[in-house]
Amino acid sequence: MTHSVLDGTRAGQLADRDIHFEVEQFYYREAELLDDGRYADWLELLADDLDYWMPTRTNRLRRQQALSIAARGEAGFYDETKESLAWRIRRFDSGMAWAEDPPSRTRHLVTNVRVRHASPAVDEGVTESDLVVKSNFLVYRSRLEREENVFAGQRADVLRRLTAPDGVTDGRLQVARREILLDANVLQSKNISTFF
Amino acid sequence: MTSTIEPATSRAATTAPSGALRRPDGLIRNLDVAGLVDAEGGLLDRAIFTDEQLYRQELRRVFAPSWLFLAHTHQFQKPGDFFTTYMGEDPVIVTMNKDREIKAFLNSCRHRGARVCRADSGRTKNFTCTYHGWAYDLQGGLVSVPNQDGYPESFRREDWGLVEVPHVETYKGLIFGTWNPESVSLRESLGDMAWYMDAMLDHDDEGTEVIGGVHKWVLDGNWKLAAEQFATDWYHVNMSHASALQVMSPTGKKPKDEIVHRTGRQYVDPNGHGAGFPVHPKNRFDAPTVHEHVDYDALRERLGDARVDGPLTNGHATVFPNFSYLPVNGSIRIWHPKGPNQIEVWAWTIVDRSWPDEVKEAQRRYNLRTFGPSGIFEQDDGENWSECQSIAHGFITNGVALNYQMGIDSEREDGRFPGVTSELYSDAAGRAFYARWRTLMNTPAWHEEDPS
C-alpha cells in the first residue's frame, strides 16, 4: 500500500477499501489490547499530543437539541491528554485500585467504520495525510460475580500517520484526537474504569 | 428489639385539594426504629440499608420534612430557565419565574400524573403535558385545558396548578427546598454547619458558579452509605484511595507520610450534618494552578486561620440527609435514593466566580480526573458501596451489627472550630447522622398530624 503520496483531490473523500481494511484492523488491535488489559501497549497507539474527550449527554427540548452534548469545558466523563491517561493507567498497576481488582472482563466491539481523508480546509488542525474516522462501539463489562454493564456510543477520531525521523512516512497509525459520544444520559454504571 | 407499627397517615402531604379522598389506616405503616440504631454505643443494624418498608418510611419522614438540595443559583440566568431534579423520589421542576424568583413544583400533571417536563434543563415559557395537553405557566398555574367545556361548572383552573414546594431558600448559591410547610428556615437547619460550608462558598463577595452540566450515574448501594461516608469518614481515604494517593504522590511509590498521618477535626452536628478535614497550616488546593492562584492571606483575613488550615482546603462534608461536597474539588453532589438498594448520584463542579478562566478550567479537569464516575478516587468509592450492599440481604449477614465506635466519647468543643468536634479519624458525625435519622424516622411528620 502506498500512503505517502496523497494528491489534494482526496481531501474529504471516502477512503478506499485498503485503507478501510487497515483502519479496521487498527481498531481491532486496539480493542484487543484494551480487553487484555495491556494498557501500556494501548498508550503507544495514541499520539503524544492526544486530545481524548467524552462529554456528557443531556435531554433537551427538541428546539434546544444543539445543547444536548456538553461543550468543551463543560461536564465530561473524560477530558484527557496522553499524560493524564498514563496517570490513570499507572493506578491499575498499584495493586490497590479496587474498582479494577479483581479486574473486570471487557469486550470492546467496534463497527460501522467510516473513513475519510482529512480535509484541512474543513477540519481544524489536520493535515491531508490524516484520516477522519467515525465508528460505533459496544463495550460489555462483566465485573465480579454478576455485575454487567453495556456502554454504547460513537467515536470520531483523527488518525495520524507516524513519520520516521528521515521524514519518510512510516505508515503506522496513531490516534491524535478522539471524541467519544456515549448514548446514555444517566450513566448506568457505578463507574467508568475502562477506555473507549 | 422492639418494633411497633404506628398509626397511618391522616392528612394530605400537600395543599392540593383532595375532595372526599381519605387514605385508609393500614395503607401506610410506620416502624419504630429505636432498636435499629444504637448511636450511643456505636452499633447499627444492617436492616436500615436493605428493608423496603423502612425505605418507604424514609421517603415520608426523612426526605419529605427535610431541606433537600435542588440546584445552584447560577443555573438560572433568565426567567423560564428550568432544571428538573428529584426530592427523594419525587420529580420536581426548579425554575425562575418572571419576577426572577426561584420556584419549585412537583413535576406531575394534576390530570393523569405524567411529568410535564422531560428535559433535564433548558428555557421555556410553559410546561405542557404531552398526554392531554394541560399546560402550566412559570408560576405553576394551569393556563390551558383542552376541551375545558367538558368539565363541570365547579371546575376552576386555579385549583389545579402544579403542586408547589412550599419553601425554597438559598444559602450562598445553593438552592434547597422542603415539603414541610412548618419547617424551620434553611439557615436555622444548617446551624454551625454553615460556618464549615462557607469555607467552600464564601471565598469572596462574588461567590461561586457551576461549570456546565451535571454528572449523573447509578450505583447499587443504599443512599446512607454515601451520605454517611461524606459526613464522617476520613478513615477510608488511606485504604480505599491508596492507588490514587500513590499515583498522585511525587515519587509515585507510596502516599506521602504527612498525608497519611495528618491529624484534623470532624464536625458533629446535632441535625445530622458532618464535616471532616485535616488541619495543617500548609493545607492547600490540590490542583496546582488553583493553588498558585488563590490568595491565602486574603482568605485568612476573610475566613480566619482555622478555616483556611482546615475545611477550606481539604476534607469532606454532608448536609443531612443527602447533599455532600468536597471543598477542595468544588465537587457538590446529591445522592438521590432509588429504592433501598440503589443511588443515583448527581454531581456538579463549582468554582469561584472570580477565578480566571484558566483556573476554573484547571479545577474542572482536576475534579473530572479525581471525582465523578471516571475519577481515580471516586471509582473506588462506588466499588466499596456496591460491595457493602450486594451481600447485605443475606439473612445472617443482615443481622450482624456494624461497628461505628471509632472516637466514641471524643466529641467536645475545642474552642477553635464551632460546635462539637471529634478527631479526624472518627465515626462521631456518623453516629450523629444516624441519631438524627432515628429521630426523624420515629417522629410523625406534618402530614401525619390529625387534621381535626
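Analysis parameters
Residues numbered from 1 in each chain as written. Chains lettered and ligands numbered in written order. Predicted model: local features only at pLDDT ≥ 70, side-chain atom pairs only at ≥ 80, totals over all residues. Axes fitted to C-alpha atoms, helices over the stretch in contact; angles between N-to-C directions. Helix = DSSP H or I, 4+ residues; strand = E, 2+ residues; numbered from the N terminus. Parallel < 35°, antiparallel > 145°, perpendicular 65-115°, else oblique. Contact = placed C-beta atoms within 7 Å. Nonpolar A, V, L, I, M, F, W, Y, C, P; charged D, E, K, R; others polar. Core = buried A, V, L, I, M, F, W, Y, C linked by C-beta atoms within 7 Å. Buried ≥ 20, exposed ≤ 12 C-beta atoms within 10 Å, placed from the backbone. Domains from an automatic or database assignment. Pairing = 2+ DSSP bridges. pLDDT = per-residue confidence, 0-100. Left-handed = near helix turned anticlockwise from the far one by under 90°. Expected span 1.5 Å × (residues − 1). Arc of directions from axis to C-beta.

**Let's talk about the packing of helix α2 (residues 52-63) of chain B against helix α15 (residues 428-441) of chain B**
Residues and elements named next belong to chain B. Relative orientation of the contacting elements α2 and α15 amounts to 95 degrees, with a least axis distance of 8 Å. Relative to α15, α2 is oriented roughly perpendicular. Between α2 and α15, the contacting residues are Gln-57, Glu-58, Arg-61 and Val-62 on the first element and Trp-437, Leu-440 and Met-441 on the second. Residues belonging to the contact of α2 with α15 are distributed by class as follows: four nonpolar, one polar and two charged.

**Thoughts on the nonpolar core**
In this structure, B:Val94 and B:Phe176 are the most contacted members of the largest nonpolar core, which totals 116 residues. At eight residues, α15(B) tops the list of elements feeding residues into this core. Two domains each provide a minimum of three residues to this core, namely domain 1 (68-170) and domain 2 (192-441) of chain B. For B:Phe176, the contacting residues outside a window of four places in its chain are B:Trp67, B:Leu68, B:Phe69, B:Leu70, B:Glu169, B:Tyr171 and B:Leu186. Counting residues in hydrophobic clusters, the runner-up holds 31 residues, among them A:Phe77, A:Val126, A:Leu173 and A:Ile192.

**As for the environment of B:Gly310**
All names here are of chain B. Note on placement: Gly-310 falls in the loop between α11 (305-309) and β18 (316-319). The buried category is assigned to Gly-310, around which 28 C-beta atoms lie within 10 Å. In the structure, Gly-310 is positioned 35 residues away from Val-345 in sequence and 26 Å away in space, judged by C-alpha atoms. Apart from residues no more than four positions distant in its own chain, Gly-310 is found in contact with Gly-264, Arg-265, Phe-277, Val-279 and Phe-417.

**Concerning the interface of chain B and chain A**
Of the residues lining the interface, 38 residues belong to chain B; the matching set on chain A comes to 34 residues. Secondary structure elements with two or more residues in the side of chain B that touches chain A: β9 (121-123), β15 (208-220), α7 (242-248), α12 (357-370) and α13 (378-390) of chain B. For the side of chain B that touches chain A, the element with the highest residue contribution is β15(B), accounting for 10 residues. Tallied by class, residues from the side of chain B that touches chain A come to 12 nonpolar, 15 polar and 11 charged.

**Some points on the sheet that holds strand β12 (residues 142-144) of chain B**
Residue and element names in this part refer to chain B. With respect to topology, three strands assemble into an open sheet ordered β10-β11-β12, the strand pairing being antiparallel. The open sheet has two edge strands, β10 (126-128) and β12, and neither has a second partner. Neighbour-to-neighbour, the strand axes of the sheet open up by a mean angle of 35 degrees, direction not taken into account. Of the pairings in the sheet, the one linking strand β11 (residues 135-137) to β12 comprises two bridges and is antiparallel in character. Looking at the pairing, Tyr-136 lines up with Leu-142 of β12.

**Brief notes about the pairing of strand β13 (residues 167-171) of chain B**
Looking along a regular strand, one sees side chains alternate from face to face of the sheet. Residue and element names in this part refer to chain B. Bridge count between β13 and strand β14 (residues 174-178): five bridges; the pairing is antiparallel. Each bridged residue has a counterpart across the sheet, and for Val-168 the counterpart in β14 is Gly-177. Hairpin connection from β13 to β14: two residues lie between these consecutive antiparallel strands, with Lys-172 at a positive phi of about 45 degrees.

**Considerations on the confidence of the model for chain B**
Per-residue confidence for chain B gives a mean pLDDT of 94, with 96% of residues at or over 70. If you check the scores for this complex, the pTM reads 0.95 and the ipTM reads 0.92.

**Concerning the domain arrangement of chain B**
In many reports, interface size means the accessible area that the parts give up when they come together. All names here are of chain B. Partitioning chain B into structural domains gives domain 1 (68-170) and domain 2 (192-441). Between the C-alpha centres of domain 1 and domain 2 the distance comes to 33 Å. Residue-level contacts link seven residues of domain 1 with eight residues of domain 2.

**Quick notes on the packing of helix α5 (residues 223-232) of chain B against α15(B)**
All names here are of chain B. In contact at an axis separation of 7 Å, α5 and α15 are set at 135 degrees when each is read in the N-to-C sense. Viewed along their axes, α5 and α15 adopt a mutual orientation that is oblique. Viewed along their axes, α5 and α15 form a crossing whose handedness is right-handed. Residues Glu-228, Ala-231 and Thr-232 of α5 pack against Ala-428, Ala-429, Gly-430 and Phe-433 of α15. Across the contact of α5 with α15, the residue classes break down as four nonpolar, two polar and one charged.

**Regarding the sheet that holds strand β5 (residues 68-72) of chain B**
All names here are of chain B. Overall, antiparallel pairing links the three strands, which are arranged β5-β14-β13 in an open sheet. The open sheet has two free edges, formed respectively by β5 and β13, since each of these has just one partner strand. Going from strand to strand, the sheet's axes swing by 30 degrees on average, the running direction of each strand aside. As judged from the four bridges shared by β5 and β14, these two strands associate in the antiparallel manner. Paired with Phe-69 across the strands is Phe-176, a residue of β14.

**Describing the pairing of strand β4 (residues 131-143) of chain A**
All names here are of chain A. Sheet topology places strand β3 (residues 105-117) next to β4; 11 bridges connect them, and they run antiparallel. Across the sheet, residue His-108 finds its bridge partner in β4, namely Val-139. With 13 bridges connecting them, β4 and strand β5 (residues 147-163) associate as antiparallel partners. By the bridge assignment, Val-133 is partnered in β5 with Asp-157. Hairpin connection, β4 to β5: the antiparallel pair is bridged by three residues, and Leu-144 has positive phi, about 50 degrees.

**Structural notes on helix α1 (residues 17-35) of chain A**
All names here are of chain A. With 19 residues, α1 extends 27 Å from end C-alpha to end C-alpha; this agrees with the ideal 27 Å at 1.5 Å per step. For α1, the full list of buried residues reads Val-23, Phe-26, Tyr-27, Glu-30 and Leu-34. Looking straight down α1, one finds its buried side chains confined to an arc of 95 degrees; they lie on one side. What points out from α1, more than 90 degrees from its buried face, is the exposed set Arg-17, Asp-18 and Gln-25. Positive backbone phi, at 70 degrees, marks Gly-37, one or two positions downstream of α1.

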